[in-house]
Amino acid sequence: MSQKVSMDNDTKRRQLDTGSRAVDKISNLSVNLKYLILERLPLHDAARTAVLSKSWRNVWETHPVLVFDDVFFSRMVSGIDEQAQVSNVSRTISNILLLHDGSVSRFHLSVPLEFPLHKCLDADLWIKRISKSGIRILKLINITPVPYTMPSYLFSCLELTNLTLDNCILNPPQRFGGFRNLIKVKLSHVRITADMSFGSRLERMFLNLCTGIKHLGCQFNYQNNLIRDLVIFSRERIDWRWFGTTKKVHFLGLLLAGSSNSRKDISDLAKLLGNMPNIEDLLLDNFFLRFLELGASLSNRLPTTLVNLKTLLVSFGGDWDWVFIHRVLCLIRSSPKLKILRIWPEIGLSRMHGTDSVAASRAEQYMLSPDFVNTILDELETVHLKEVKGSGCELHFIKLLLASSPSLRWMKISKSDSIGGPKEELRILGEVARLPRASATAELIWTSAGSQDDW
């Protein structure tokens, strides 16, 4: 009996020794590796590592990444009233920042719908604290109904390289000259109240449904403009003089359907793109396609060849029609290195400007005439067309693409839900399957709208 007890004790000691050695191995990791471990843990769990040992407490207190995300807020606000929510969140974040020793290089605050951020008086102090801590990446996502007004401390974040804001208000100081190190800015539903620049080093700018973007004209006054990625989704009027200095743009996205811009505000699309010869990726909606000069469209090419364009993404409102397809073909044929083509409709967005029946008839006659010469698209590899209903213009467009793309690997066609039953779907699918293909290996993929692999 005593021998059995002794054996059991030996086994337990070995297990404890093995566990201790495992803990020691983790504790002996370098500080940088420990930081990586903390980054992959929810904030509450990362904070608990401080009780493991003195070395782990030091790691937690100097960890340069603080992420207050949905998981954090769900634990802090669940099942309590609004006042208690504000108190819990304020006390916790403030204490973490108070005890934090060292720099905060990344700060992420993702505020859920039900949390009243505008009633949280300590929020401005959090920005003040990180503005003095060498903050480089700041992300504040506010999906509450009330926009959060960024305090003036934001504009003293001299080391900031990446800024992401959602549902905020920017009130720049009068003499603010821009962030000296900012490279990327992403704003969504942000209101800008006065003239400002993000700085001369900015390379990537994304604006989604922001107001007051007219105040960003200063950003485009730099003669050596470094912006490479520029995406603007807006309903406001654009000052087209901005694009006089954007010659280094590689990715351009302009989604302006429903904006107050008019034909007289803008030079034609060909001139706009001609000023940006380095474009590799282009995202447009039919706001711009309708500004293609009629002569350029019917000559099949733009006056300027997009020699570097590899990806073309086109969003449109309404249904496919001959004029729309013809203008898309004009862009495609002006892009000899095009590899990726995606076309999809904006759900809930009707065609902002109806297609002229004379123009539609003219485009149809020209595209179906014997004189219409197809162009070989040597480098086109993948195509995705969405909301296809099987109309004559859609099928003709598919036919042209299949017949002119010897390098095509696959074409994905996402059908419209408005197709009238399985019999009609089989008819359309049969017509598409019989179309000749320039690529012997091209795969046709037929999917339902909204399927998980839709992109």
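In this text the structure is predicted, and so the values were computed from the model without any measurement.

Procedures and definitions
- Residues numbered from 1 in each chain as written.
- Predicted model: local features only at pLDDT ≥ 70, side-chain atom pairs only at ≥ 80, totals over all residues.
- Heavy atoms only, no water.
- Helix = DSSP H or I, 4+ residues; strand = E, 2+ residues; numbered from the N terminus.
- Buried < 20%, exposed > 50% of the residue type's maximum accessible area, 1.4 Å probe, protein only.
- Contact = heavy atoms within 4.5 Å.
- Expected span 1.5 Å × (residues − 1).
- Pairing = 2+ DSSP bridges.
- Right-handed = clockwise from strand over helix to strand, strands pointing away.
- Axes fitted to C-alpha atoms, helices over the stretch in contact; angles between N-to-C directions.
- Parallel < 35°, antiparallel > 145°, perpendicular 65-115°, else oblique.
- Left-handed = near helix turned anticlockwise from the far one by under 90°.
- Nonpolar A, V, L, I, M, F, W, Y, C, P; charged D, E, K, R; others polar.
- 1 Å grid on protein atoms, 1.4 Å probe; cavity = no way out; pocket = protein on both sides within 12 Å on 5 of 7 lines; lining within 4 Å.
- Points joined across faces, edges and corners; volume = space filled by probe spheres on them.
- pLDDT = per-residue confidence, 0-100.
- Polar contact = N/O pair within 3.5 Å; in protein donor to acceptor, adjacent residues only side chain to side chain.

Draft legend 1. Examining the environment of Gly134 more closely. As for its position among the elements, Gly134 is in the loop between α7 (123–131) and β3 (137–142). Residue class for Gly134 comes out partly exposed when judged on its relative accessible area of 32%. Residues contacting Gly134, with those up to four places away along its chain left out, are Val104, Ser105 and Glu159.

Draft legend 2. Structural context of helix α13 (residues 392–403). If you check α13, its first and last C-alpha atoms are 16 Å apart, about what twelve residues at 1.5 Å a residue would give, namely 16 Å. In terms of residue burial, α13 counts as a mostly covered element, since nine of its twelve residues are buried. Within α13, burial applies to Cys393, Glu394, Leu395, His396, Phe397, Ile398, Leu400, Leu401 and Leu402.

Draft legend 3. Region of the structure containing the pairing of strand β13 (residues 311–316). Taking burial as the measure, the six residues of β13 include five buried ones, the bulk of the element. Pairing of strand β12 (residues 281–285) with β13, which is carried by five bridges, proceeds in the parallel orientation. Bridged to Leu282 within β13 is Leu312. Bridging between β13 and strand β14 (residues 340–345) involves six bridges; their strand directions are parallel. Its bridge partner lying in β14, Leu313 is registered against Arg342. For the crossover from β13 across helix α11 (residues 322–333) to β14, the handedness is right-handed.

Draft legend 4. Quick look at the packing of α13 against helix α14 (residues 421–433). At a closest axis distance of 10 Å, the pairing of α13 and α14 adopts a crossing angle of 30°. It follows from the interaxial angle that α13 and α14 lie roughly parallel. Judged by the twist between their axes, the crossing of α13 over α14 is right-handed. Between α13 and α14, the contacting residues are Leu395, Ile398 and Leu402 on the first element and Ile428, Glu431 and Val432 on the second. Counted by class, the contact of α13 with α14 contains five nonpolar, no polar and one charged residues.

Draft legend 5. Examining the packing of helix α6 (residues 82–99) against α7 more closely. Contact geometry of α6 with α7 gives a least axis separation of 10 Å together with a crossing angle of 15°. Taken together, the axis directions place α6 and α7 in an arrangement best described as roughly parallel. Classified by chirality, the crossing of α7 by α6 is left-handed. In this structure, α6 contributes Val89, Ser90, Ile93, Ser94 and Leu97 to the contact, and α7 contributes Trp126, Arg129 and Ile130. Class assignment for the residues of the contact of α6 with α7 results in five nonpolar, two polar and one charged.

Draft legend 6. Molecular detail of empty space enclosed by the protein. Within this structure, the stated rule accounts for two cavities of 30 Å³ or more. Here the second largest cavity defines a volume of roughly 40 Å³. Surrounding the second largest cavity, Phe107, Leu109, Leu117, Ala123, Trp126, Ile127, Leu140 and Tyr148 form its lining. Among the elements of the structure, β2 (106–111) and α7 are those that each provide at least two residues to the lining of the second largest cavity.

Draft legend 7. Here's a closer look at the confidence of the model for the protein. Per-chain confidence: the protein averages 82 in pLDDT, with 76% of residues scoring 70 or above. Here residues 16–20 scores under 50 on pLDDT; set against residues more than four positions off or in separate chains, the count is zero contacts. The model gives residues 348–354 a pLDDT under 50, and that stretch makes 15 contacts with residues more than four places away or in other chains.

Draft legend 8. Main features of the side chain of His215. Take His215: it is sitting in the loop between β9 (204–208) and β10 (229–233). On the accessibility criterion, His215 (16% relative accessible area) is buried. A distance of 2.8 Å separates polar atoms of two side chains, one belonging to His215 and the other to Asp195. Non-local contacts of His215, meaning those with residues more than four positions away in its chain, are made with Ile192, Thr193, Ala194, Asp195 and Met196.

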